[in-house]
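Here's the letter readout for the chains.
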Amino acid sequence: MQKIDFNKDWMCRCLTRDEEAYPVTLPHDAMLSEPRTQESTGEGNIGWYIGGDYEYTKNFFVPEEYKGKKVLIEFEGIYHNGEVYINGKKAAYRPYGYTNFYVDTEGFFQYGKENEIKVIARNADQPNSRWYSGTGIYRPAYLYVGEEKHIPVNGVKIRTLSYDPARIEVVVKTSSPGEVSLKIEFEGSKVLGVIGESTKIGNVNNDKIISSDNKNMQPNESVQTGKNGQKSELAQVEAEKNNQEAAYQAIFQLDVPNAKLWDTEHPNLYTCKAIFGEDEVTETFGIRELIWNPQVGMTINGERVILRGACFHHDNGVLGACTYPEAEERKMRILKENGYNAVRSAHYPCSKALLDACDRVGMLMMDEYVDVWYIHKTKYDYAGQLADWWKQDLKDMVDKDYNHPSVIMYSTGNEVAETAQKKGIALTGDMTNYLHSLDSTRPVTCGINIFFNFLSSIGLGVYSDDKAEKSAGNAEKNAAQAAGKNEKKVVKSGEKTVNKATENGKKGLGSTKPEKKKKPVGSEFYNTLACLVGDYFMKCGATLYPCDLRTKDAYANMDIAGYNYGIFRYKHDLKKYPNRLILGSETFCKDAYSFWEIAKKNKRIIGDFVWAGWDYIGEVGDGAAEYSDYKFEDPATRMTGGNGRIDLNGKPRAEAAYTRVAFERETGPFIAVDPVYQKEKLRLTGWQLTKALESWAWDGCNGEPAKVEVYARAAQVELFINGKSAGKKKVKKCRANFNITYQNGEITAVSYDENGREINRYSLHTAGKETVLQVRPEEKTVKPEGLAFIQLQYTDSKGIWKPMEKHNIKVTVENGVLKGLGSPAPYVKGNYTDHTVATYYGEAMAVVQADGNGPVKVTVADEERFYVVEIPCE
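One structure accompanies this document, and this report is about it. (Residues numbered from 1 in each chain as written. Predicted model: local features only at pLDDT ≥ 70, side-chain atom pairs only at ≥ 80, totals over all residues. Heavy atoms only, no water.)

Digging into the overall build of the protein
From N to C terminus, the protein includes 14 helices and 48 strands. Taking all contacts inside the protein whose residues are at least 6 apart in sequence as the whole, residues at least 24 apart take part in 72%. Total accessible area on the protein stands at roughly 34,200 Å², and carbon and sulfur atoms take up 47% of it. (Helix = DSSP H or I, 4+ residues; strand = E, 2+ residues; numbered from the N terminus. Contact = heavy atoms within 4.5 Å. Areas by Shrake-Rupley, 256 points an atom, 1.4 Å probe, with all protein chains shown as cover.)

This is the structure in structure tokens:
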């Protein structure tokens, strides 16, 4: 089917508040420009944005020639409870906010005329999410047009049968019987071609497998895959009800000569062109064989792989929830550069652009379905609708993922305490089996918080319908109190009226007074507890005997057991359950070294996914641990949790350096320093390792005490200040801490092995007196309508970072649009759609979209100077 861009010429209008409609291009996140105020009933979960329902409309011409053709409209993501109307008639409804879906236009179009499509995204029903969700059509939309004789969407499925010799299977579904031809290409050059016949699905006598070596096989015959003799049944995807267009298929099994295999270090990609009549569909794929069992653990192309994983939410920082290919690939590239080889899409199916990025970069993907099953975590979440939709949701997720070599696992849920109940254990098995029926080539897991399951079983569950109701009630009371404290002065702007609190929220002022401290409920209570008692308590809780009783049956109903914060159970469970494969589906940063050491020795430890790889909007709990000069009293200024190894703007924190060393990607040493001028003692959350920065530029702090951390794979490290030894320490789990006196100049860490021989050394330097704002585009050029990420950093004349600089920056753009502006600060006044930003330790970032009318000119102004950079548009 022909794929046509459907993203331009939309109008967006808020249905909840009296606001003017405005033009947008998809993807669009309406929440990003909303007020942030204590009147938000989504509260810190969504970064204190106020929420709302939005209507998107688009007028477009439908030619007469579309009559009799198959025409679909795909929406890759609408958050949430999306309703689609075509010419006033309801054409589709999809409640889940993270699943792509297709709208069949048959019976709705008026041919040869202008047509109207209207999409309603409802997100005023707060609270409905535990993190920043965004609102609206935040992923792309496309129009698909097929002749009467065509290949339907998702009609080409490709899998690897073996890697040595390289052999693939291609299944092409068609709308009618007929000749199907395939062309396999690598880097633009033809590798092989073959012609086959599409016949009716299910007719064993007619179905034929077209083999490149002329060997005939029965379609339901199991196929030997790889040298290990592992077997994989042909996946039989259930046909959708009333979907007769894919009633025919051709099956090809092909040997690929001189194959270039796909893995994390060699992400080689092929293209497959399937031609049926006038219709041509191109799919990208990689040749890689995935095996998982207790004997080998997990292997790709016969080599054991240990998942060095990172969890992440779907938002793209200052861009909000919007999906952009450049942003998705940038995220995967930076995570890969910092030692990760796998990511977990927490806690919902990821975007198609992200999968494409993972394929190209060589990043493994665990695609996760959902955060709730039938027990609510927030009052208006998906728990009330999952029972009716989970099969369709999972089918759409598999259709999206199937051809991507980067996808190596499915997860059916996150911290679903239902897995401690008989009903939930059965649902675990049902989902696993259904996924196997859709795709037998990948294992299934589920992230279970072991301690949560025990608490739930004794009536102390972190999540429950009652707690979700209570939390929502508290939020409504707090919002009403906040509204009451604000002067309800009506501001006239043409026809519309606006509450002063809303205006204050837009300006980042929030309410006039901070809220009264409220008691945390649900996951916020657990997160607060983690801040008070630390991660050790939670990991110990998971070792209690009843925790095993409340998880073993659910684990038996999945391929790989997902342990959230259960590292203290690994050794015990490896012995007790000799056939169990264990995955650290969610872990603490400080456990990276311990995980790596045990995983190297035990093949049944599949991998580890740290919370979190990248910082994100929302889920702020009681507020991030922060020093007072970057912290505001108003709760509505809490924007992020500060829990990412990579900060919101894409800069690796010191924790990322520790992780690279712990995972033996680098030996170190690396140096990080607590901000020397800060005198407060912070209580870090269990998800934070440190607040130290990789800088030795602390102007005016000579003679002050300094806390220095060194990360290294070594027996000992020694610190030198301006050439003089400041002490030597043993390295424990890749870390050594020093308490020294700060002096301007140079700090050097030297690492030694057990025999005292030097391994490596690393230095940081004090910045000079001159202060310059560096305006650094990450790429030399930008494509028309493409994104440019521009780092803003205060340095000296030599480019040495000056983290003590505090400035307010304004950004203006010519030949482009400012799509987002912000800093990594956990506390933010206003939002990321503003044209001004306060730096955080001397840094901020702007994201600009080129309009294609010439070089993009970006002007950045602080209190004293203007800085200009031009980015060629090519």
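Further notes follow.
Things to note about the sheet that holds strand β48 (residues 866–871)
The four strands are arranged β45-β43-β47-β48 in an open sheet whose pairing can be described as antiparallel. Here the strands that pair on one side only, and so sit at the sheet edges, are β45 (836–838) and β48. Sheet twist, expressed as the mean angle between neighbouring strand axes with direction ignored, is 25 degrees. Across five bridges, the pairing between strand β43 (residues 808–814) and strand β47 (residues 856–861) is antiparallel. Within β47, the residue paired with Thr812 across the bridge is Thr859. (Pairing = 2+ DSSP bridges. Axes fitted to C-alpha atoms, helices over the stretch in contact; angles between N-to-C directions.)

So, the nonpolar core
The tendency in soluble globular proteins is for nonpolar side chains to be buried side by side. Among the nonpolar cores identified, the biggest contains 109 residues, and Met332, Leu335, Met365, Tyr369, Trp373, Leu386 and Tyr832 are the most heavily contacted of them. Counting 31 residues, the second largest nonpolar core, distinct from the first, contains Cys12, Val84, Phe101 and Phe108. (Core = buried A, V, L, I, M, F, W, Y, C linked by side-chain atoms within 4.5 Å. Buried < 20%, exposed > 50% of the residue type's maximum accessible area, 1.4 Å probe, protein only.)

Here we look at the packing of aromatic side chains
Per the stated rule, a full pass over the model turns up 40 aromatic pairs. A ring pair is formed by Phe75 and Phe101, whose centres lie 5.8 Å apart and whose planes are at 35 degrees; its orientation type is tilted. Here the residue Phe75 occupies a position in strand β5 (residues 70–75), and Phe101 occupies one in strand β8 (residues 101–104), the gap between them amounting to 26 residues. Classification of Phe101 as buried rests on a relative accessible area of 5%. Judged by centre distance (4.8 Å) and plane angle (75 degrees), the ring pair of Tyr840 and Tyr841 falls under edge-to-face. An identical accessibility class is assigned to Tyr840 and Tyr841; each is buried. Members of the aromatic cluster, connected to one another through ring pairs, are Tyr79, Tyr96, Tyr98, Trp131, Tyr138, Tyr348, Tyr369 and Tyr382. One cation-aromatic arrangement involves Lys200 over Tyr248; the distance from NZ or CZ to the ring centre is 5.3 Å. If you follow Arg660 out to its NZ or CZ, it ends over the ring of Phe670, 5.0 Å from the centre. (Phe/Tyr/Trp six-rings, centres within 6.5 Å; stacked < 30°, edge-to-face > 60°. Lys NZ or Arg CZ within 6 Å of the ring centre and 35° of its normal.)

What to know about the environment of Cys311
Secondary-structure assignment places Cys311 in strand β24 (residues 307–312). Here Cys311 falls in the buried class, since its relative accessible area comes to 0%. Sequence separation between Cys311 and Trp614 is 303 residues; the distance between their C-alpha atoms is 7.6 Å.

Thoughts on the packing of helix α3 (residues 386–401) against helix α4 (residues 422–438)
It is the contact of α3 with α4, at a shortest axis distance of 10 Å, that shows an interaxial angle of 30 degrees. Relative to α4, the element α3 lies roughly parallel. In this structure, α3 meets α4 at a crossing whose hand is right-handed. Packed against α3, whose contacting residues are Leu386, Trp390, Lys391, Leu394, Lys395, Met397 and Val398, the element α4 presents Leu427, Asp430, Met431, Tyr434, Leu435 and Leu438 at the interface. Across the contact of α3 with α4, the residue classes break down as 10 nonpolar, no polar and three charged. (Parallel < 35°, antiparallel > 145°, perpendicular 65-115°, else oblique. Left-handed = near helix turned anticlockwise from the far one by under 90°. Nonpolar A, V, L, I, M, F, W, Y, C, P; charged D, E, K, R; others polar.)

Re helix α6 (residues 465–485)
The terminal C-alpha atoms of α6 lie 30 Å apart, and with 21 residues this matches the ideal 30 Å at 1.5 Å per residue to within 8%. Where α6 is concerned, the buried positions are Ala468, Ala472, Ala475, Asn478, Ala479, Ala482 and Ala483. One side of α6 carries all its buried residues, which in axial view fall inside an arc of 135 degrees. Across from the buried face of α6, at angles greater than 90 degrees, the exposed residues are Asp466, Lys470, Lys477 and Gly484. (Expected span 1.5 Å × (residues − 1). Arc of directions from axis to C-beta.)

Side note on the side chain of Arg569
Positionally, Arg569 belongs in the loop between β31 (561–564) and α12 (570–576). For Arg569, a relative accessible area of 4% gives the class buried. Excluding its chain neighbours within four sequence positions, the residues that come into contact with Arg569 are Ile450, Ala542, Thr543, Leu544, Cys547, Asp548 and Tyr563.

Concerning the pattern of salt bridges
All told, the structure shown has 50 salt bridges when counted by the stated rule. Residues Glu74 and Lys352 are paired through a salt bridge, measuring 2.6 Å at the closest nitrogen-oxygen approach. Of this pair, Glu74 sits in strand β5 while Lys352 sits in helix α2 (residues 352–361), and the two are 278 residues apart along the sequence. A single burial state applies to Glu74 and to Lys352, both of which are buried. (Salt bridge = Lys/Arg side-chain N within 4 Å of Asp/Glu carboxyl O.)

Brief notes about unusual backbone geometry
A cis amide bond, omega -20 degrees, links Tyr79 with the succeeding residue His80. Within the fold, His80 resides in the loop between β5 and β6 (82–86). Phi is positive for Glu415, close to 45 degrees, though the residue is something other than glycine. When you line up the elements, Glu415 lands in the loop between β27 (407–414) and α4. Despite not being glycine, Lys733 has its phi angle at roughly 50 degrees, a positive value. Structurally, the position occupied by Lys733 is in the loop between β37 (724–730) and β38 (735–741).

What about the sheet that holds strand β35 (residues 705–711)?
Strand order in the open sheet formed by three strands is β34-β35-β38, with antiparallel pairing between adjacent strands. Unpaired on one side and paired on the other, β34 (670–673) and β38 mark the two borders of the sheet. For this sheet, the mean inter-axis angle between neighbouring strands, taken without regard to orientation, is 25 degrees. Here β35 runs beside β38; their pairing, made up of seven bridges, is antiparallel. Directly across from Val710, in β38, lies its bridge partner Ala736.

Focus: the environment of Met11
Mapped onto the elements of the fold, Met11 is located in strand β2 (residues 10–14). Residue Met11 is classed as partly exposed on the basis of its relative accessible area of 34%. Linking Met11 and Tyr22, residues 11 residues apart in sequence, is a C-alpha distance of 5.4 Å. When residues no more than four places from it in sequence are discounted, the contact partners of Met11 are Ala21, Tyr22, Pro23, Glu55, Tyr56 and Thr57.

Let's talk about the side chain of Lys331
Position of Lys331 among the secondary structure elements: in helix α1 (residues 325–337). Side chain to side chain, Lys331 and Asn316 meet in a polar contact 3.3 Å long. (Polar contact = N/O pair within 3.5 Å; in protein donor to acceptor, adjacent residues only side chain to side chain.)

Details of the packing of α1 against α2
One way to put it is that α1 packs onto α2 with a least axis distance of 8 Å and a crossing angle of 40 degrees. It follows that α1 is oblique to α2 by the angle criterion. In terms of crossing hand, the pair formed by α1 and α2 is right-handed. Contact with α1, carried on its side by Pro325, Glu328, Glu329, Met332, Arg333 and Lys336, involves Ala353, Leu354, Ala357, Cys358, Arg360 and Val361 of α2 and no other residues of that element. Each residue belonging to the contact of α1 with α2 can be placed in one class, and the counts come to seven nonpolar, no polar and five charged.

Focus on helix α5 (residues 450–457)
Along an α-helix, residues three or four positions apart point the same way, because every turn accommodates 3.6 residues. Along α5, seven of the eight residues are buried, which leaves the element largely enclosed by surrounding structure. Taken residue by residue, α5 has Ile450, Phe451, Phe452, Asn453, Phe454, Leu455 and Ser456 as its buried positions. Trailing α5 by a residue or two, Gly459 shows a phi angle of about 80 degrees, which is positive.

A closer look at the pairing of β34
In β34, alternate side chains face the same way, and those of Phe670 and Ala672 on one face and Ile671 and Val673 on the other are all buried. Pairing analysis gives four bridges linking β34 to β35, with the strands arranged antiparallel. Pairing of Phe670 across the sheet is with Tyr711, part of β35.

Some words on the pairing of β6
For β6, a buried count of five out of five residues is recorded, marking the element as mostly surrounded by other parts of the structure. Because side chains alternate across β6, one face comprises the buried residues Gly82, Val84 and Ile86, and the other comprises Glu83 and Tyr85, equally buried. Across five bridges, the pairing between β6 and strand β7 (residues 89–94) is antiparallel. Its bridge partner being in β7, Ile86 is matched across the sheet by Lys89. With antiparallel pairing between neighbouring strands as the criterion, β6 and β7 make up a hairpin whose turn holds two residues, including Asn87 at a positive phi of roughly 55 degrees. With four bridges connecting them, β6 and strand β9 (residues 113–123) associate as antiparallel partners. Bridge pairing in β9 places Glu83 opposite Ile120.

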